[in-house]
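# Structural overview
Here is what each chain is made of, one letter per residue.
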Amino acid sequence: RSSDLHRFFSDKQRFVDEINSVTAEKLIYSCAVDMVQSAALDEMFQQTEDIVFRYHKAAMLLDGLTKILQDPVDIENVQKYKASVEGRLSTLCCSAVAVYEQ
């Protein structure tokens, strides 16, 4: 009986840990995606006040996410998305320097 009870609580804890982990990962990803979408929309309408900060923060969240994800496919997809965000950030920074130098 005691072993059954121990196994039940062990399985329950593992299940709760798995749910919490998935939830945290989804929240981090969702937050990063929202930041990128918001920055892109503001950029499109020339509301450039803090878009570089938002792109940078999203890239940092995505980088952190790659360190806690378990599935290699998920890690690869998040790395690709992060590279895309960093590319946009690089373009923005280069174009800002070019405008400043003129």
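In the block above lies the structure referred to throughout.
As a starting point, this report considers the structure included with it. (Residues numbered from 1 in each chain as written. Predicted model: local features only at pLDDT ≥ 70, side-chain atom pairs only at ≥ 80, totals over all residues. Heavy atoms only, no water.)

### Here's the deal with the side chain of K82
Looking at the secondary structure, you find K82 in helix α3 (residues 72-101). Of the residues examined, K82 reaches a relative accessible area of 17% and is grouped as buried. Ignoring sequence-local partners within four residues, the contact set of K82 consists of A59, L62 and D63. (Helix = DSSP H or I, 4+ residues; strand = E, 2+ residues; numbered from the N terminus. Buried < 20%, exposed > 50% of the residue type's maximum accessible area, 1.4 Å probe, protein only. Contact = heavy atoms within 4.5 Å.)

### So, the pattern of salt bridges
Applying the stated criterion across every chain, the model contains 7 salt bridges. For R88, the salt bridge identified is with E43, shortest N-O distance 2.1 Å. Pair noted here: R88 is in helix α3 and E43 is in helix α1 (residues 2-44), with a separation of 45 residues, a long-range link. The exposure class of R88 is partly exposed, given its relative accessible area of 31%. Through salt bridges with shared partners, a single ionic network connects D63, K67, K82 and E86. (Salt bridge = Lys/Arg side-chain N within 4 Å of Asp/Glu carboxyl O.)

### Section: a nonpolar patch on the surface
There is a patch of nonpolar side chains on the surface, built from L41, M44 and F45 and spanning about 340 Å² of accessible area. Within the element layout of this structure, F45 appears in the loop between α1 and α2 (51-68). (Patch = residues over 30% accessible without salt bridge, like charges linked within 9 Å, V, L, I, M, F, W, Y side chains within 5 Å. Areas by Shrake-Rupley, 256 points an atom, 1.4 Å probe, with all protein chains shown as cover.)

### Looking at α2
For α2, built from 18 residues, the straight-helix expectation of 26 Å at 1.5 Å per residue is met to within 8% by its first-to-last C-alpha distance of 26 Å. Buried within α2 we find I51, R54, Y55, A58, A59, L62, L65 and T66. Summarising the axial view, the buried residues of α2 lie within an arc of 135°, below the 170-degree limit, and thus occupy one face. Among the exposed residues of α2, those pointing more than 90 degrees away from its buried face are F53, M60 and K67. (Expected span 1.5 Å × (residues − 1). Arc of directions from axis to C-beta.)

### Digging into the environment of L65
Positionally, L65 belongs in helix α2. We classify L65 as buried; its relative accessible area is 2%. In this structure, the C-alpha to C-alpha distance between L65 and Y29, residues 36 residues apart in sequence, is 7.4 Å.

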